[in-house]
Amino acid sequence: MSDNLLGVYNRAPLVVDRGEGSWLYDVDGNRWLDCVMGIATDGLGHAHPKLVAALEAQAKKLWHVSNIFRIPGQEALAQRLIDSTFADVVFFGNSGSEAIEGALKTARRYHFVNGAPERIDVIGFAGSFHGRTYAAVNASGNASYLEGFGPRLPGYVQLTLDDEAGIAEAIARPTTAAVIVEPVQGEGGARALTGEWLKRVRDLCTQHGVLLIYDEVQSGMGRTGKLFAHQWFEGVEPDIMAIAKALGGGFPIGAFLATKEAAKGMVVGTHGSTFGGNPLAMAVGIAAFDEIAKEETLAHARAIAAELVEQLNALKDKHSDLIVEVRGKGMLIGLKLVPNNREFMALARDHGILVAGGGENSVRLLPSLLLSSAEAAEVVTRLDAAFADARTRLAKAA
Ligand SMILES: Cc1ncc(COP(=O)(O)O)c(C=O)c1O
């Protein structure tokens, strides 16, 4: 391990070199079936030819200019997002955390310009993850992200997803500004909320003048087989939504979307970014959006996800002593495990497959949306071998 990098990551001993579609290669030419995909970021797999072409063409033209000028790519990508969602306006940044920061600022500012500056409380949920910046760790459900970084900032309330009465009571408080929730919790372990849950909270927010923020950083951009996870349900649209990850197909882009009403406080001088929405990012973002938003891509993702989940459920029956549950939505799949999830990730790697960790001792499968049927079968074959191996090692350890 290198000691010239800040030691904040628990890195696997895999020295990456290149990627192609669903496969990741190390510097020695070994390859792995990649079901991490930059944690749901390389939505179209590695080195998609259309993204490579867009990047190369734009690299020869113009990389970066300040947001004091009009950037046509921003307007084009914003319009695509607006045409396919609830939103009227878009702001581009560089990451999921930044998108969350912007979303939270927008919510508080809305109440400020409405003459209710006391409305600052943001209701978040156990198991949620919204990023590593200061506001994002405060909004996140896992208290360990805040440890040693000072007390929780004022205005962040944490509840559990099943606390129906507590949620209703908190939304009705006169100091509440917003609710922030992932329609499918990612880091929390691929936990999908129901349409009923989202509808109840949407209606309560509307009733009490509270803004609803969705964090679709991980669940968005085709991951669940719809462009955005909440679009599986009717009548649950948010006021503000943070997105990132697959939006840039691997190029760092984040954005928050809002209705005109929710965004009304965000006037000149209230927010900004140097790099956000630069021409290079927008060229790749447009190419990624046009591929992901195609019905053909989304239908493919839904079909492969259904195949995968069916086969994974069969695997759960076969290894019922090791797999507790198969869950998630679309291509955001979680396996809740009996063996330690971190140890299983290393074992899976030995069997040529990369999986991500998650809350509640789970591993997540976040493959390319373009995963083929044959590759999906290969995912299951490799996991099967890894589970058989896990059983042998568990028996030895016992
Ligand atoms: C749901 C969710 N929100 C926010 C973030 C933070 O995004 P970033 O790491 O790009 O800042 C993540 C990252 O994993 C995420 O999964």
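A quick note: this is a predicted structure, and the numbers were derived from the prediction, not measured.

(A) Representation of the nonpolar core within the structure. In this structure, Val179, Leu211 and Ile213 are the most contacted members of the largest nonpolar core, which totals 111 residues. For this core, the element with the highest residue contribution is helix α8 (residues 279-292), accounting for 8 residues. When we break this core down by domain, the ones giving at least three residues each are domain 1 (16-48 + 295-397) and domain 2 (50-292). Each residue touching Leu211, except ones within four places of it in the same chain, is listed here: Ala107, Tyr110, Ala177, Ala178, Cys205, Asp239, Ile240 and Ala262.

(B) View of the sheet that holds strand β16 (residues 356-358). Taken together, 4 strands build an open sheet; the order of strands is β13-β14-β17-β16 and the sheet is antiparallel. Looking along the sheet, the strands with just one partner apiece sit at the ends: β13 (323-329) and β16. On average, adjacent strands in this sheet sit at an angle of 30° to one another, irrespective of strand direction. In the sheet, β16 pairs with strand β17 (residues 362-365) via 3 bridges, with the strands oriented antiparallel. Looking at β17, one finds that Gly357 is bridged to Val363. Each of β13 and β14 (332-337) is contacted by helix α9 (residues 295-318), which is oriented at about 170° to β13, the strand it contacts most. Against the sheet, helix α10 (residues 341-350) contacts β14, β16 and β17, and its axis sits at roughly 45° relative to β17.

(C) The domain arrangement of the protein, seen in detail. When the domains of the protein are assigned, the result is domain 1 (16-48 + 295-397) and domain 2 (50-292). Domain 1 and domain 2 are separated by 27 Å when their C-alpha centres are compared. Among the secondary structure elements, those contributing two or more residues to the side of domain 1 that touches domain 2 are α1 (37-40), α9, β13, β14 and β17. The element contributing the most residues to the side of domain 1 that touches domain 2 is α9, with 5 residues. Class assignment of the residues belonging to the side of domain 1 that touches domain 2 gives a composition of 10 nonpolar, 11 polar and 7 charged.

Calculation notes
- Residues take numbers from 1 onward in each chain, read along the sequence in its written order.
- Two thresholds apply to this predicted model, a pLDDT of at least 70 for residue-level local features and 80 or more for giving and counting side-chain atom pairs, whereas whole-chain, interface and lining totals are computed over all residues.
- By convention the nonpolar core is taken to be a set of buried residues drawn from Ala, Val, Leu, Ile, Met, Phe, Trp, Tyr and Cys and joined through C-beta atoms within 7 Å.
- To assign burial, the other C-beta atoms lying within 10 Å of each residue's own C-beta are counted, with C-beta atoms placed from the backbone; 20 or more indicates buried, 12 or fewer indicates exposed, and intermediate counts indicate partly exposed.
- Comment: elements are numbered from the N terminus, with helices defined as DSSP H or I runs of at least four residues and strands as E runs of at least two.
- Per the annotation, domain bounds derive from an automatic or database assignment of domains.
- Here the contact rule is simple: place C-beta atoms from the backbone, and any two residues whose C-beta atoms are within 7 Å are in contact.
- Any two strands with at least two DSSP-identified bridges between them are counted as paired.
- Note on definitions: angles span 0 to 180 degrees between N-to-C directions of axes, and those axes are lines fitted to C-alpha atoms, for helices only across the stretch in contact.
- Classes in brief: Ala, Val, Leu, Ile, Met, Phe, Trp, Tyr, Cys and Pro nonpolar; Asp, Glu, Lys and Arg charged; the others, Gly included, polar.

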